[in-house]
Amino acid sequence: MRLPHLSLTSREIGWIALLGCSAASCGDKAPAPSPQAPAAESPAAPLTAPSEGTWLTEVTDASGLTFRHVAGPTEQRCTTQMLGSGIAFLDYDNDGDQDLYLMHAGSDPTRGVDREGAENALYRNEGNGQLTEQPGALGLVGKSYGIAAAVGDVHNDGYPDVFLTNFGPNQLFANRKGERFEDVSRDSGDLPGRFSASAAFLDYDRDGHLDLYVIQYVYFKPSQRCFDQADRLDFCGPTTFDPESDILLHNLGDGTFEDVSEAAGLNSAAAAGLGVVVRDFNDDGWPDVFVANDTYENHLWINQQDGTFVDDAVVLGVAFNMHGQHEAGMGVLSEDFDNDGLYDLFMTHLTRETNTFYRNIGPGMGFADATGQSGLGTPSKTYTGFGTAPLDLELDGDLDLVVVNGRVTRGEVEPPFDMPDPWCFYAERNLVFVNAGGAQFEPRSEPDFGRLREVSRAVAVADWDNDGDTDVAVGNIDSRARLYRNDSPRRGKWLRVVVRDPRLKRYAIGAKTKLTCGERSWIRTVSRAYSYLTSNDPRLLFGVPDEAAGGKASLEVEWPDGLVETFDVPGFDREITVLRGEGKAR
Amino acid sequence: MKRLLVLVGSCALVLGHGVSPWAQEESEAKAKKAPVEIPDVDTTGMKKESLDALRHAQDDVRANPARAGNWARLGALFDARQLFEEAERCYAEAARIAPKSFDYAYMRARVADIVGGEIDAVLALYATAEKLDPYYPPLHLHRGNCFGRYGRLDEARQAFSKALALKADYPAAELGLGQALLNLGEAEQALTHLLKAAAKAPEERAVNTALARAYMQTGKPELARKVAERTKAQSRGLDDQDRVRDEVLNQASSSHDAMHRAEHAMAEGRFADAIPDIQDYLRGRPGSTDVRYSLAYALYHTGQVDEALQECLRISEEDPDLLDAKVLIAQIYLNRPRKKSEEALRLLSEVLRKDGTNFVAMLMMANELSSLGQADQAVRIFERAYAEQELNAQSHHSWGVSLLQLERVEEASQHLRAATVLDPKFAMAHFNLGYSLGLQGRWDAAIRAYEEAAKVNPGLPTQLRIEELRKKQREEEEDA
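Just so you know, these numbers come straight off a predicted model, no measurement behind them.

Our focus in this paragraph is the overall build of chain B. Along the backbone of chain B there are 26 helices and two strands. The burial tally for chain B puts 56% of its 480 residues in the buried class. Across chain B, the fraction of contacts at a sequence separation of at least 24, relative to all contacts at a separation of at least 6, is 53%.

So, in structure tokens, the structure goes:
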């Protein structure tokens, strides 16, 4: 309010100068730097440790990756656009290296049917650092507004199939001997879903056939308009719409699926889900499902071993953060970050929330929100995190993290960015966190990975160049996808493990492994589904510090059907394949 | 979008003449001061009412950037819209201007905490607020939450305990302490505090979530599941009972209508109409000294001088930086039948020490000094005032009279003439102009000035003066 003035004439004469201007668009205000331009430091740069060279080197151009994401016109600010689209690493032709599949969203975010100019892309990994785009994505063509990709051999024929989630009908593609993909959605039984997000293949009933857990987001209404806190038109958040409950599709073993969501108990809880990870959280040998929900409490569906699930997220301490608040769950992953033999959980969230690290405190005890102790809270609070992936960057035996970011509400534009209006208002840097041991993380300034501000969503990981460390692919809304090669200085050896069940002709999804070297051990589970909207390399990659790599090493595998076997590890810096039935049974 | 910056730095407005060396120095000194940025955001597509509120608050800051309350109110507007970076800058400026204000220091710390600033910086801000008021329980609650977020659980426990020591019935602090203990592995102790919180807030999800975990970790899974069921219900969120933050944000809330009506009424001089709206706005916001000053001003102009004085004295005690309140007190002192000239001048000197460009204070002081016969000082202050802004007829008159006392007759004539131009019915100005012109031997002009004075006020002793002038005029002609 104004205050009255005592004098009859104006009391204060102000000298006012306007600097700059209110910019309605950003694309013409700050020219985008060339993709390989040197990094420009900004006052808003994250808290970072001193950089020692480039650990993640961008090889987007060098590899021939030319994909530029299409999200469609933005005048209406459709929520569908804000989710971004998926990325999948898969060896579709079984030639031993990970190929790359990238999804567009589409050109019509309100209806999700028109894909003109937005065809998904399948890049073949030539094994020499080059990617070659395959014509027509070999038939792996999305028909709706694309969201996520899940990979799994649903037919047990030795070739990975692909399930696409969409705003619109979901699609299942059968891999025909690595030569082409065939849309078998019509012949696959129930494939419901209106607005799905991440999806995960799992064998929840241990019958040897990969089932599908499909996250559902909300009942989206294209006509809905939303405004940000400053009353500007913006993308609607999930609470604007009614939430949906997730879908569980049971693989009947004949190439068809049955929707068993209700029978499994999933319909009891509706929430705006985004991320999913499957682990045996209660160590009973049956896969459980953790779902990161956006602005709703998370779900931890504990497998009751009878085809049903019970949500124990609250009692196990992962429904809410330590303050009892739900957060905007986006990406999620579950690994043993403190090497105590228990799977922890890490989730990405909105700005002003922390990305949250839940430390597993023991069977039956649940989890403790250890975000503060982990060092992952402070640097994340000013970012909106989406995709996240674990990787042992420098092979020291501790899993590090990458987190990709991009706002969901309009913010300020800060160069450097490389994207059109209005996405520049949502752009943020991506982050790397190095695990100093015991799940104590330190942010690391990365000249390439943290260089540009983009609206990043999906991040997928694979040993793309088969050199024994994990590389990273990032999907950005309405701009280029990027590929980063791991060039970290190595502090140990590596062991890549292919865990296959020859009876099923595929990766033993859900198999739990434990690598032991002397007194040290590491656990991993065979899985592709984690992070956000992505599918990842199913081969297990262990980093073993030099001091632990000298002694005898063995690998214990608990197969999804409960069989436990031990395999000798003949050495490091190599890939080994372990097959069910060929180890020493316990 | 580029950030929009509005630079403010008040400087002397040069009106072509009469700029004193003092004013020039002042102007240069101000030019050297770093400009203060008024935060702005991209307002493209912003709703009109929000934009109006924002622009209004920015205008207030621009009009008086030395007023902490203006910055705080703008900060609250940003704060309420979750534009925390901008809010923090405003609160920081408010806290800089009024370093003894707990509210501003606390709001700055809270926003820095919400934004997720570096922990040591946030804790330092909380420490600053704590020095100003160590007995505010929510401060310790939020410090505890801050420590908890960063995994400093022992310190979190201490902070929550302190909050509880200050306010025993504080479920939010019981919850915080329970959560800290739970994360420290002291589940049994945690359970005790969480049960206390649950007794006060049985439906709160945060409480029940923590309680379920505590039951689980103390080997009571059945109780854990039972409590977990309660978390399915919607939660309002546990009240942190943060009165300070609520009040500051409320000031920037949508209830500006009453104040807008009041402002409009006051601008039109309808002070009596403004009073109920201001009182309505103030209901539940006793801490708003700015608005209380508006009320005092309206009371003063409706003849409720004692009430206005008492309110201004209280405001001045609570918010020493609200200089307008001191100026109004001085005005009341000077307008009383038994003038409290000395106290008024002390107040005005205080105002001018803090704000050397306060025009109203300068004028009041100069006029009073002039009436006390302290012409030399009065003239110096009139010069300073004139460097800031154009003067009204009364001030030109007083300035002219002071100059007459100093025998600076020609200058006096200029100001007395200015007074008559600005107010042709200002009889005393015409009269004194006549006197000053007479001293210069400008007989005709002096006679005309006396005649003008007589026209406006026939009661003035002009006739004798005119006759005297005519006599002198004749003598001069005869000598020639």
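All right, on to the overall build of chain A then. Regarding its fold elements, chain A presents four helices and 42 strands. In chain A, the share of contacts with a sequence separation of at least 24, taken over all contacts with a separation of at least 6, comes to 61%. In the structure as shown, chain A presents an accessible area of about 18800 Å², 49% of it carried by carbon and sulfur atoms.

Residues and elements named next belong to chain A. The topology assignment puts Asp153 in the loop between β7 (145-152) and β8 (161-167). The spacing of Asp153 and Phe201 is 48 residues in sequence and 8.9 Å in space, taken between C-alpha atoms. Setting aside residues no more than four positions away along its own chain, Asp153 makes contact with Gly158, Tyr159, Pro160, Asp161, Leu210, Leu504, Lys505 and Arg506. Looking at Asp153, its side chain comes within polar contact range of the main-chain nitrogen of Asp157, at 3.0 Å. Polar side-chain contacts of Asp153 include one of 2.7 Å to the backbone nitrogen of Gly158.

Its 13 residues place the ends of helix α9 (residues 171-183) of chain B 18 Å apart at the C-alpha level, agreeing with the 18 Å of an ideal helix rising 1.5 Å per residue. Among the 13 residues that make up α9 of chain B, 13 are buried, leaving the element largely enclosed by the rest of the structure.

Strands belonging to one sheet form pairs held by backbone hydrogen bonds; the direction of such a pair is parallel or antiparallel. Residue and element names in this part refer to chain A. On the basis of which strands lie adjacent, the open sheet formed by four strands has the order β19-β20-β21-β22 and antiparallel pairing. Where the open sheet ends on each side, the last strands, each with one partner, are β19 (273-279) and β22 (309-311). Pairwise comparison of adjacent strand axes, ignoring direction, gives a mean angle of 20 degrees for this sheet. In terms of strand pairing, strand β20 (residues 288-293) meets strand β21 (residues 299-303) through three bridges, oriented antiparallel.

Here the focus is the pattern of salt bridges. If the charged atoms of two oppositely charged side chains come close together, the side chains can form a pair. Residues and elements named next belong to chain A. Under the criterion given, the structure shown has 60 salt bridges over all chains. A salt bridge links Glu182 to Arg180; the shortest N-O distance between them is 3.9 Å. When its relative accessible area of 30% is taken as the criterion, Glu182 is described as partly exposed. Residue classification places Arg180 among the partly exposed residues on the basis of a relative accessible area of 43%. Connected through shared salt-bridge partners, Asp463, Arg496, Asp537, Arg539 and Glu575 make up one network.

Looking now at the confidence of the model for chain B. Residues and elements named next belong to chain B. Taken as a whole, chain B shows an average pLDDT of 82; of its residues, 87% reach a score of 70 or greater. Confidence, expressed as mean pLDDT per element, reaches its minimum in chain B at strand β1 (residues 5-8) with 30 and its maximum at helix α8 (residues 153-166) with 95. Across residues 1-33, where pLDDT falls below 50, the model places 74 contacts with residues more than four positions away in sequence or in other chains. Overall fold confidence (pTM) sits at 0.70, and the ipTM for the predicted complex is 0.75.

Residue and element names in this part refer to chain A. One open sheet accounts for four strands, arranged β7-β8-β9-β10; its pairing is antiparallel. Each having just a single partner strand, β7 and β10 (180-183) make up the two edges of the open sheet. Across the sheet, the mean angle separating the axes of adjacent strands is 25 degrees when strand polarity is ignored. Where strand β9 (residues 171-176) and β10 come together, four bridges link them in antiparallel fashion. If you follow Phe173 over to β10, its bridge partner there is Asp183.

A word on the packing of aromatic side chains. Residue and element names in this part refer to chain A. Counted under the stated rule, the structure contains 25 aromatic pairs over all chains. Both rings, one in Phe235 and one in Trp423, keep their centres 5.3 Å apart while their planes meet at 20 degrees; by these two values the pair is stacked. Of this pair, Phe235 sits in the loop between β14 (233-234) and β15 (244-245) while Trp423 is found in the loop between β28 (400-405) and β29 (431-435), placing the two residues 188 residues apart along the sequence. Note on accessibility: Phe235 and Trp423 belong to one class, buried. Three or more aromatic residues joined by ring pairs form one cluster here, namely Phe167, Phe195, Tyr217, Phe220 and Phe241. It is Arg410 that lies over the ring of Phe425; its NZ or CZ is 4.1 Å from the centre.

The subject of this paragraph is the nonpolar core. Counting 96 residues, the largest nonpolar core has Phe290, Leu300, Phe337, Leu345, Val402, Phe449 and Val472 of chain A as the members making the most contacts within it. Here this core gets eight residues from one element, more than from any other, and that element is helix α11 (residues 205-217) of chain B. Per-domain counts for this core show at least three residues from each of domain 1 (47-134) and domain 2 (156-251) of chain B. Look past the residues within four positions of Phe449 of chain A in its chain and what remains in contact with it is Leu56, Val402, Val403, Val404, Asn430, Leu431, Val432, Val472, Val474 and Tyr484 of chain A. Membership of the second largest hydrophobic core comes to 73 residues, among which are Ile332, Ala344, Ala361 and Leu433 of chain B.

Residue and element names in this part refer to chain A. When you tally the buried positions in strand β38 (residues 540-545), you get six out of six residues, the bulk of the element. Burial along β38 is two-sided: the face carrying Leu540, Phe542 and Val544 and the face carrying Leu541, Gly543 and Pro545 are both buried. Both strand β34 (residues 492-501) and β38 contribute to a ladder of six bridges, which runs antiparallel. Bridge assignment links Gly492 to a residue of β38, and that residue is Pro545.

Residue and element names in this part refer to chain B. Here α11 spans 18 Å end to end across 13 residues, near enough to the 18 Å set by a 1.5 Å rise per residue. Counting buried residues in α11 gives 13 out of 13 residues, a clear majority hidden from the surface. Phi turns positive, to about 75 degrees, at Gly219, one or two residues after α11.

Bringing the packing of helix α20 (residues 359-371) of chain B against helix α21 (residues 375-388) of chain B into the picture now. Residue and element names in this part refer to chain B. Here α20 crosses α21 at 155 degrees, and the two axes come no closer than 8 Å. Here α21 runs roughly antiparallel to α20, going by the angle between their axes. Of the two possible hands of crossing, α20 and α21 adopt the one that is left-handed. Along the contact surface, α20 presents Phe359, Met362, Leu363, Met365, Ala366, Asn367, Leu369 and Ser370, while α21 presents Gln377, Ala378, Ile381, Phe382, Arg384, Ala385 and Glu388. Per-class residue counts for the contact of α20 with α21 are ten nonpolar, three polar and two charged.

All names here are of chain A. One pass over the structure, following the stated rule, counts eleven cavities of 30 Å³ or more. Of the voids in this model, the largest cavity is the one considered here, and its volume is about 290 Å³. As for the largest cavity, its lining consists of 26 residues, of which Val278, Pro287, Ile509, Gly510 and Val526 are closest to the centre. In terms of lining, the second largest cavity is formed by 19 residues, of which the most central are Pro390, Tyr530, Arg539, Leu540 and Leu541.

Turning our eyes to something else, we now look at the state of the cysteines. All names here are of chain A. In total, this model carries one disulfide over all chains according to the counting rule given. In this model, Cys226 is linked to Cys236 through a disulfide, with the two sulfur atoms separated by 2.0 Å. Around the S-S axis, the bridge from Cys226 to Cys236 shows a dihedral of about 100 degrees and counts as right-handed. With Cys226 in strand β13 (residues 226-227) and Cys236 in the loop between β14 and β15, this pair connects stretches of sequence that are ten residues apart. Take Cys236: its relative accessible area is 5%, and that puts it in the buried class.

Okay, the packing of helix α17 (residues 305-318) of chain B against helix α18 (residues 323-335) of chain B next. Residue and element names in this part refer to chain B. Put simply, α17 and α18 touch, their axes get as near as 9 Å, and they point 145 degrees apart. For the crossing formed where α17 meets α18, the hand is left-handed. Here Val305, Ala308, Leu309, Cys312, Leu313, Ile315 and Ser316 of α17 come into contact with α18, specifically with Ala325, Lys326, Leu328, Ile329, Ile332 and Tyr333. Residue composition of the contact of α17 with α18, grouped by class: eleven nonpolar, one polar and one charged.

Moving on to the side chain of His250 of chain A. Residue and element names in this part refer to chain A. Along the polypeptide, His250 turns up in strand β16 (residues 247-251). Residue classification places His250 among the buried positions, given a relative accessible area of 15%. In terms of polar contacts, His250 uses its side chain to reach the side chain of Asp205, at 2.6 Å. Here His250 is in contact with Tyr204, Asp205, Asp207, Asp211, Thr256, Phe257, Glu258 and Val260, once residues within four sequence places are set aside.

This part covers the environment of Arg500 of chain A. All names here are of chain A. Tracing the sequence through the fold places Arg500 in strand β34. Linking Arg500 and Ala511, residues eleven residues apart in sequence, is a C-alpha distance of 9.0 Å. Ignoring anything within four residues of it in the chain, the contact list for Arg500 reads Lys505, Arg506, Tyr507, Ala508, Trp559, Val578, Leu579 and Arg580. A polar contact is formed between the side chain of Arg500 and the backbone oxygen of Lys505, at a distance of 3.0 Å.

Criteria and thresholds
Residues numbered from 1 in each chain as written. Chains lettered and ligands numbered in written order. Predicted model: local features only at pLDDT ≥ 70, side-chain atom pairs only at ≥ 80, totals over all residues. Heavy atoms only, no water. Helix = DSSP H or I, 4+ residues; strand = E, 2+ residues; numbered from the N terminus. Buried < 20%, exposed > 50% of the residue type's maximum accessible area, 1.4 Å probe, protein only. Contact = heavy atoms within 4.5 Å. Areas by Shrake-Rupley, 256 points an atom, 1.4 Å probe, with all protein chains shown as cover. Polar contact = N/O pair within 3.5 Å; in protein donor to acceptor, adjacent residues only side chain to side chain. Expected span 1.5 Å × (residues − 1). Pairing = 2+ DSSP bridges. Axes fitted to C-alpha atoms, helices over the stretch in contact; angles between N-to-C directions. Salt bridge = Lys/Arg side-chain N within 4 Å of Asp/Glu carboxyl O. pLDDT = per-residue confidence, 0-100. Phe/Tyr/Trp six-rings, centres within 6.5 Å; stacked < 30°, edge-to-face > 60°. Lys NZ or Arg CZ within 6 Å of the ring centre and 35° of its normal. Core = buried A, V, L, I, M, F, W, Y, C linked by side-chain atoms within 4.5 Å. Domains from an automatic or database assignment. Parallel < 35°, antiparallel > 145°, perpendicular 65-115°, else oblique. Left-handed = near helix turned anticlockwise from the far one by under 90°. Nonpolar A, V, L, I, M, F, W, Y, C, P; charged D, E, K, R; others polar. 1 Å grid on protein atoms, 1.4 Å probe; cavity = no way out; pocket = protein on both sides within 12 Å on 5 of 7 lines; lining within 4 Å. Points joined across faces, edges and corners; volume = space filled by probe spheres on them. Disulfide = S-S within 2.5 Å.

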